[in-house]
There are 2 protein chains.
Amino acid sequence: MLRRPLPYAAALSTACLLTLCALCAPEAHGDEGMWTFDHLPLAQLKERYGFEPTPDWLLHVQRSVVSTGGGTGAFVSADGLVLTNHHVALGQLQKMSTRENDYVRDGFFARTAAEEIPCPDQELVVLWSMENVTARVSAAMAKGTTNEERNRLRNAELARLQQASTKTTGLMTRTVELYQGGEYWLYRYRTYKDVRLVCAPEERMAFYGGDWDNFEFPRHDLDFTIYRVYENGKPLRPEHWLRWSATGAKDGDLTMLAGHPGRTNRLRTSSQLAYERDVERPLRIHMQEMRLAAYQKYAGRGPEQARQAVSALRGLENNLKRERGFLALLRDPQFFATKQAQEADLRARLAANAGLNARYGDAWDHVAAAQAVLRERGRSRTLREMGRVSSLADMAGNLVQMAAELEKPNEKRLRDFRDSNLPSLRFRLLSRAPVVKEMEEAIFAAHLQVCLDSLGAGDAFVQAALEGRTPAEVARELFAGTRLADVAERQRLLDGGRAAIESSTDPLIVWARRVDVPNREMRRWFEDHVESVEAVEGARIAEARFAVYGHRVAPDATGTLRLSYGQRKGYPELETLVPSQTTFYGLYDRAASFDHQPPFDLPRRVLDAEPRVKLSTPLNFVNTTESVGGSSGSPVLDRKGELVGLTFDGNIHSFLWTFISAEAKSRSVAVDSRAILEALRNIYGMGALADELERGDR
Amino acid sequence: MLRRPLPYAAALSTACLLTLCALCAPEAHGDEGMWTFDHLPLAQLKERYGFEPTPDWLLHVQRSVVSTGGGTGAFVSADGLVLTNHHVALGQLQKMSTRENDYVRDGFFARTAAEEIPCPDQELVVLWSMENVTARVSAAMAKGTTNEERNRLRNAELARLQQASTKTTGLMTRTVELYQGGEYWLYRYRTYKDVRLVCAPEERMAFYGGDWDNFEFPRHDLDFTIYRVYENGKPLRPEHWLRWSATGAKDGDLTMLAGHPGRTNRLRTSSQLAYERDVERPLRIHMQEMRLAAYQKYAGRGPEQARQAVSALRGLENNLKRERGFLALLRDPQFFATKQAQEADLRARLAANAGLNARYGDAWDHVAAAQAVLRERGRSRTLREMGRVSSLADMAGNLVQMAAELEKPNEKRLRDFRDSNLPSLRFRLLSRAPVVKEMEEAIFAAHLQVCLDSLGAGDAFVQAALEGRTPAEVARELFAGTRLADVAERQRLLDGGRAAIESSTDPLIVWARRVDVPNREMRRWFEDHVESVEAVEGARIAEARFAVYGHRVAPDATGTLRLSYGQRKGYPELETLVPSQTTFYGLYDRAASFDHQPPFDLPRRVLDAEPRVKLSTPLNFVNTTESVGGSSGSPVLDRKGELVGLTFDGNIHSFLWTFISAEAKSRSVAVDSRAILEALRNIYGMGALADELERGDR
């Protein structure tokens, strides 16, 4: 394998600088924004592209798109087929694979319905309806006299609204905060828990070129996986699903992307960005580097261990490349000045209006003060986020907290344990996915070591977690002794409630009880001193922004459904042009040009198929349509609402999109819909599935 | 055609910055240097690659390589075939093409010896032997008491040595100055003037991707042309020619490049580089931009005019891209500081040795003083260089100067008119190449306009050139009235000597007589105030360098034969890897990815051939072996001395090589020898020629 010899932050930073000239130009404003479906820039769409989506068009798209929890997908047939990315499905594929049947390495191809196999813990949700409850939340908050009070009133009101919605509609309901507190919504979802695997290419083809080519273009990836949703043992007949485009997108065509972008920080204040730059991101990078090293060490134990670690390694490599990119941007003085200038512009316009200024002018100072407070304990808070370190530790923590929370009234619970969220949580807690305890122990120990090294032995969490022992000793004891890998044991603890948890001697449960004390203290501290300020002052800043600019800005991404639009378009790079697409010719070229060395080698099946493949078939394409992490798996739509591509990545310049709208060289990268059909038919022998996709039913 | 929308100096400058970290690292010293054949780094070659070329190996390579005058080529068969670049041959192809037979656009394919057609004015020379005459020149110079005197004595001694060599050996002899005056040599050449065109691809294939992809990699060019040299009406049977490699070069293989790199400025002082940066290069860029605009305007008159301008347009675009790159480097403070640091290191080591310092320490100050003098009149001098503005004006100038010079003794003549140089000059003056007077007039007028605008009407040259009229009026009169396009008239003037020139009323001759007066004055001024200082002080600096560092540094390129070495090797770029080669897959990919839009379209013949072409055949490759302008057409050799590639370009980072040795990302770009055979056989139906190349004879 060609190993990455150089740290690349320098290259990235410079690459991003190249874009900045364009950013500063006033005419650079392109098709910016990831828009909520209730508030689309319809006038711009009409003016720039002559396109006017009807309410039916929008509802159809809204209800065709699914969230995988962290990623996106879409119904693409009348018989419940769902198209998403391979890397979105990778966690499931990993859990379904064994030493004998490695679907990650070899791909998976169900040629009959009987061969479709259930995912262990994949829930899909579809946004069915939305309701703006900003007035209710604001009214509740108005009764408070301090930010702490207002924040508690806000959380309680949101919990009440959520529960009422679930009761009334029967739909799983989530509360959504937009514009950093400028708007509050109820989003109601249909949920699907019987999701079966139909088809996945080899990981090499889904992630061709590996970490080297990740966030790059030109690109040559078959990053797709196809699920089928079942209900009552039969394929779901969804009311809405996307038709497959017969023609694909041409250069310059309007493209739209519907999906669940995870998080952008465009509307954050410069003090919040400075905190990210100085504390949060460097710490996360360090934590992930250590975790990556631990996984690599584990994977080095042997081929089976390497197989077990693939999904985690991919996730960490991907996150690290992105996080380093974000940090390079934030540390770029020119870029940071751009963000400061945006804030200064709003504040200057505010200052020009005495009434508005009196009302909102000091909000930024309060947020900045909260960041100063956050710097005191923020590192410890971040490192306590044990999520993804160990699935067993996560489950132990959830079981412990749940037992305590369920004894409280709904509106006083931690958000994850509100009634409306319990079915999904139970689904995850009772997952039948296999657990690799040796791997979890190794990663858990490495993470505790990071906590100890970074926070010192005196930190309350570290004290509770280690009780003076070494991370390795603690991890060994917890994972050797725990019975939580057994679903029946988790079921027992779940059913047994507080009594079962308190009497449990399972070492992981005991450990989770112990760290729950300092973690709750930290959570409360954060809510009272930071969250409360960010929520209340964030809402004031949002109001100020609406007052000055009107409603022309899209809210930051929050993992909820969005529509963005743009066009298929290449860009200049290093003195030449990057085309807006690649073809299968390019795939075979890259393999041959690297003498078939990993990660540029091709599976035997793909090599052998070459004479049958129509090499000029478009493979991947770029478009100016905005996306960020979480958008993975978003369908790319044409104006007919038909699927022309499957978003799976952004180019390196797309890192900008987390902080600003920028079109110059930022691009989303998609698998061309025609490539999926070509690969199914002429590489994978899945002609029937291709036919189903093309026809829309079986 | 996809038009270049952006100035790209910014991108370049940043791209180059990326390389700098590596430059500053002490271990970055790679296989640096373009070495003369008398002084090769044999120990390094042996140590790094285990390769020890024998004297026979070296002599064989030396005598296989040809200079085209500005470019390089090599004998590649026992029957006189010469391989060079299409872009090196482009001037000849342009001159051989007509409205009816456009060999530039359509290519040229001689399928029998009878179809091979003579080039109008292509002379090829082969370096046959070399003699170091430094001692003789130094001794002559030592007799002078001022730099002006030393410079005149030097020039006279060189003229004497040159003439004696030609008389003794019968070989055309040139004097060569190495190390900015540190060494003087006689280089003796065999010359060939009957050069016939055998095969050239379509320009689109030779220059695929046009200006966009020029100086880029990955690359997909068939930039080759094949000549055959004749002597006495029969194919030459050269004593030395290169065998075609059966295997090509693999990734990591040692590659060597033998050719005639034109000019590097690595050993120039920082004051000389500052002059380049501040005066010379910006002026040349401006001059060439104006000239390019004039050619584009002329080409816009119609398709025939566009055809006539192709060769000139390509040359100017190429020069401009390179010149802008050089200027961006020189203007980069970090890069310039690198050069200053090199100089400072040498001077610091000198200062540490009182004897050496007393002898050489002040040389840099004298050179700097000469640069200050040059700034006074340098712009006017540069703009008077009318070369390549108009072939007819060039010939008029040569005829006028020649008549005067030939009346002087050989050693007092301007260098171009020394006896040894006359046969080549006469060959060029009597070229039967067609002249497009309308085009020459347009470009000539544009250049005079630049002179007027830049120097003002008071400049002596401008006064003589315009006599108060407009550039357009002058150009109209000169080109409408001249009879120099007729070879017979040039022959008459050549034969008639001074009398014929002085009595000529041809308006271009009259004009050339007029501007010859201020031009001679300028030349004398430059020799006395700048050249003399640079020659004498340059020699002192060279001696100082030898004293401090020994002889471990290669001399700057001077258009003479050099050998450089390195390896086939990719490099990281924008976070991913550039492979060390491309394949025909990549060619068809790029065409399809750009929807076959110019300049990424393919000729019909190439499109139709796709099913026959073995697409995995390597097409172009990169290697760390140094090259600069003039290296074009250099054979890339393996350790057997066999031809594995044909150098045709450098990547964008290779611009560094003009100023420093740098391996990190700087690469030479070559056509793979296997691609030439594949294209000849399966695209162009030239199987017999491919067989001749592979076998080495017919």
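Model, not experiment: these values are computed from the prediction.

Cut-offs used in this document
Within every chain, residues take consecutive numbers counted from 1 along the sequence as written. The naming scheme follows written order: chains are lettered A onward, ligands numbered 1 onward. Owing to the predicted nature of the model, reporting of local features is limited to residues with pLDDT of at least 70; listing and counting of side-chain atom pairs is limited to 80 or more, with chain, interface and lining totals taken over all residues. Processing note: side-chain calculations cover all non-hydrogen atoms of the structure and skip hydrogens and water entirely. Note on geometry: axes are C-alpha line fits, over the in-contact stretch for helices, and angles between N-to-C directions span 0 to 180 degrees. To qualify as a helix, a DSSP run of H or I must reach at least 4 residues; to qualify as a strand, a run of E must reach at least 2; elements of each kind are numbered from the N terminus. Two helices crossing with the near one rotated counterclockwise from the far one by less than a right angle form a left-handed crossing, whereas a clockwise rotation gives a right-handed crossing. Should any heavy atoms of two residues lie within 4.5 Å, those residues are counted as being in contact. Think of a nonpolar core as a cluster: buried Ala, Val, Leu, Ile, Met, Phe, Trp, Tyr and Cys residues, connected wherever their side-chain atoms sit within 4.5 Å. Note on exposure labels: buried denotes an accessible area under 20% of the residue type's maximum, exposed denotes more than 50%, and partly exposed covers the range between, all computed with a 1.4 Å probe on protein chains only. Any two strands with at least two DSSP-identified bridges between them are counted as paired. In this document the domain limits rely on a domain assignment from an automatic tool or a database. Two parts placed together each lose some accessible area; with a 1.4 Å probe, that loss summed over both constitutes the buried area. Think of a salt bridge as a Lys or Arg side-chain nitrogen and an Asp or Glu carboxyl oxygen that are within 4 Å of each other. Counted as a polar contact is a pair of N or O atoms within 3.5 Å, where, for protein atoms, one must be capable of donating a hydrogen and the other of accepting one, and residues adjacent in sequence contribute only when both atoms are in side chains. All amino acids are sorted into three groups, where Ala, Val, Leu, Ile, Met, Phe, Trp, Tyr, Cys and Pro are nonpolar, Asp, Glu, Lys and Arg are charged, and the leftover types, Gly among them, are polar. For a helix, the expected span equals 1.5 Å multiplied by the residue count minus one. Bend at a given residue is defined as the angle between two axes, one fitted to the seven residues that end at that position and one fitted to the seven that begin there. Cavities and pockets are defined on a 1 Å grid built over the protein atoms alone: a cavity is a set of grid points where a 1.4 Å probe fits but cannot escape, while a pocket is an open set with protein on both sides within 12 Å along at least five of seven lines, and lining residues are those with an atom within 4 Å of any such point. Grid points are joined across faces, edges and corners, and a volume is the space filled by probe spheres set on the points. Values of pLDDT, the confidence the predictor places in each residue, fall between 0 and 100.

> Is there a simple way to explain the packing of helix H6 (residues 134-142) of chain B against helix H7 (residues 147-169) of chain B in this structure?
Any two packed helices are characterised by how steeply their axes cross, that is the angle between the axes, and by the distance between the axes. Residue and element names in this part refer to chain B. Direction vectors running N to C along H6 and H7 enclose 145 degrees, while the axes themselves pass 8 Å from each other. As for how H6 packs across H7, the hand of that crossing is right-handed. Residues Arg-136, Val-137, Ala-140 and Met-141 of H6 pack against Arg-150, Leu-153, Arg-154, Glu-157, Leu-158 and Leu-161 of H7.

> Looking at this structure, how should I read the nonpolar core?
A general trend in soluble globular proteins is that nonpolar side chains are found buried together. Counting 156 residues, the largest nonpolar core has A:Ile226, A:Leu680, B:Ile226 and B:Leu680 as its most contacted members. Those residues in contact with B:Leu680, other than ones at most four positions away along the chain, are B:Cys199, B:Phe224, B:Ile226, B:Gly685, B:Met686, B:Gly687, B:Leu689, B:Ala690 and B:Leu693.

> Please clarify how the sheet that holds strand E20 (residues 668-672) of chain A should be interpreted in this entry.
Remark on secondary structure: sheet strands pair via backbone hydrogen bonds, oriented parallel or antiparallel. Residue and element names in this part refer to chain A. The strand order across the open sheet formed by 7 strands is E13-E12-E18-E19-E20-E17-E16, and the pairing between neighbours is antiparallel. The sheet is open, and its two borders are formed by strand E13 (562-567) and strand E16 (581-583), each paired with just one other strand. Sheet twist, expressed as the average angle between the axes of neighbouring strands with direction ignored, equals 30 degrees. Of the strand pairs in this sheet, strand E17 (residues 618-623) and E20 are connected by 4 bridges, and their pairing is antiparallel.

> Looking at this model, I keep getting lost on the domain arrangement of chain A. Mind explaining?
Residue and element names in this part refer to chain A. In terms of domain boundaries, chain A breaks down into domain 1 (31-123 + 193-265 + 555-695), domain 2 (125-192) and domain 3 (270-545). Between the C-alpha centres of domain 1 and domain 2 there is a distance of 32 Å. Contacts between the two partners involve 26 residues from domain 1 and, on the opposite side, 17 residues from domain 2. Taking both partners together, domain 1 and domain 2 bury about 1700 Å²; carbon and sulfur atoms supply 57% of that area. A salt bridge links Arg-190 to Glu-239; its shortest N-O distance comes to 3.1 Å. Between the two partners, domain 1 and domain 2, sit 6 residue pairs in polar contact (both at pLDDT 80 or more). Breaking the side of domain 1 that touches domain 2 down by element, the ones donating at least two residues are helix H3 (55-64), strand E1 (65-67), strand E9 (194-200) and strand E10 (225-231). For the side of domain 1 that touches domain 2, the element with the highest residue contribution is E1, accounting for 3 residues. Of the residues belonging to the side of domain 1 that touches domain 2, the class tally is 9 nonpolar, 8 polar and 9 charged.

> Would you take a moment to explain the side chain of B:Arg196 for this structure?
Residues and elements named next belong to chain B. Of note, Arg-196 is situated in strand E9 (residues 194-200). A polar contact of 2.9 Å, which involves the side chain of Arg-196, links it to the side chain of Asp-194. Other than its neighbours up to four places away in sequence, Arg-196 contacts Glu-116, Ile-117, Pro-118, Cys-119, Ile-226, Tyr-227, Arg-228, Tyr-230 and Gly-233.

> What's the story with helix H11 (residues 303-331) of chain B in this structure? I'm lost.
Two residues of an α-helix separated by three or four positions point the same way, owing to the 3.6 residues in each turn. The terminal C-alpha atoms of H11(B) lie 39 Å apart, and with 29 residues this matches the ideal 42 Å at 1.5 Å per residue to within 8%. At B:Ala309, H11(B) shows its strongest bend, of approximately 50 degrees.

> Sorry, what's going on with empty space enclosed by the protein here?
Empty space among the atoms becomes visible once a probe the size of a water molecule is rolled across them. Counting across every chain of the model gives 6 cavities of 30 Å³ or more. Space inside the largest cavity adds up to approximately 720 Å³. In terms of lining, the largest cavity is formed by 44 residues, of which the most central are A:Phe217, A:Pro218, B:Phe217, B:Pro218 and B:Arg590. Contributions of two or more residues to the lining of the largest cavity are made by strand E14 (571-573), strand E15 (576-578), E16 and helix H22 (584-593) of chain A together with strand E14 (571-573), strand E15 (576-578), strand E16 (581-583) and helix H22 (584-593) of chain B. When the residues that make up the lining of the largest cavity are grouped by side-chain class, the tally is 18 nonpolar, 16 polar and 10 charged.

> What is the right way to read the confidence of the model for chain A from this model?
Reading fine detail from the predicted coordinates is not recommended where pLDDT is low. Residue and element names in this part refer to chain A. Put simply, chain A has an average pLDDT of 94, and 95% of its residues get 70 or more. Every residue in residues 4-29 scores below 50 in pLDDT, and together they form 49 contacts with partners more than four places removed in sequence or on other chains. Complex prediction metrics read pTM 0.93 and ipTM 0.91.

> Just to check I follow, could you spell out unusual backbone geometry for this structure?
The general pattern is negative phi for most residues beyond glycine and trans for most peptide bonds. At the junction of A:Phe217 and A:Pro218, the peptide bond is cis and its omega measures out at 0 degrees in the coordinates. With respect to the helices and strands, the residue A:Pro218 is situated in the loop between helix H9 (210-213) and E10. Between A:Pro598 and the following residue, A:Pro599, the backbone shows a cis peptide bond with an omega angle of 0 degrees. Positioned with a positive phi, B:Tyr179 is a non-glycine residue whose angle comes to about 55 degrees. By the secondary structure assignment, B:Tyr179 is in the loop between strand E7 (172-178) and strand E8 (183-192). You can call B:Tyr179 buried: its relative accessible area is 3%.

> Is there a simple way to explain the sheet that holds strand E19 (residues 643-650) of chain B in this structure?
All names here are of chain B. One open sheet holds the 7 strands; their spatial order is E13-E12-E18-E19-E20-E17-E16, and the pairing between them is antiparallel. Among the strands making up the open sheet, the edge pair consists of strand E13 (562-567) and E16. With direction set aside, neighbouring strand axes in the sheet form an average angle of 30 degrees. Where strand E12 (residues 254-259) meets E13, 6 bridges bridge the pair, whose relative direction is antiparallel. Bridging across to E13, Leu-254 finds its partner in Gln-567.

> What exactly am I supposed to notice about the pairing of E8(B) here?
Two faces, one strand: in a regular strand the side chains alternate between the faces of the sheet. Residues and elements named next belong to chain B. Burial runs high along E8: 8 of the 10 residues are buried. With 8 bridges joining them, strand E6 (residues 124-132) and E8 adopt antiparallel strand pairing. For Leu-124, the partnering residue across the bridge sits in E8 and is Tyr-192. Linking two consecutive strands that pair antiparallel, namely E7 and E8, is a turn of 4 residues; a positive phi of about 55 degrees is found at Tyr-179 within it.

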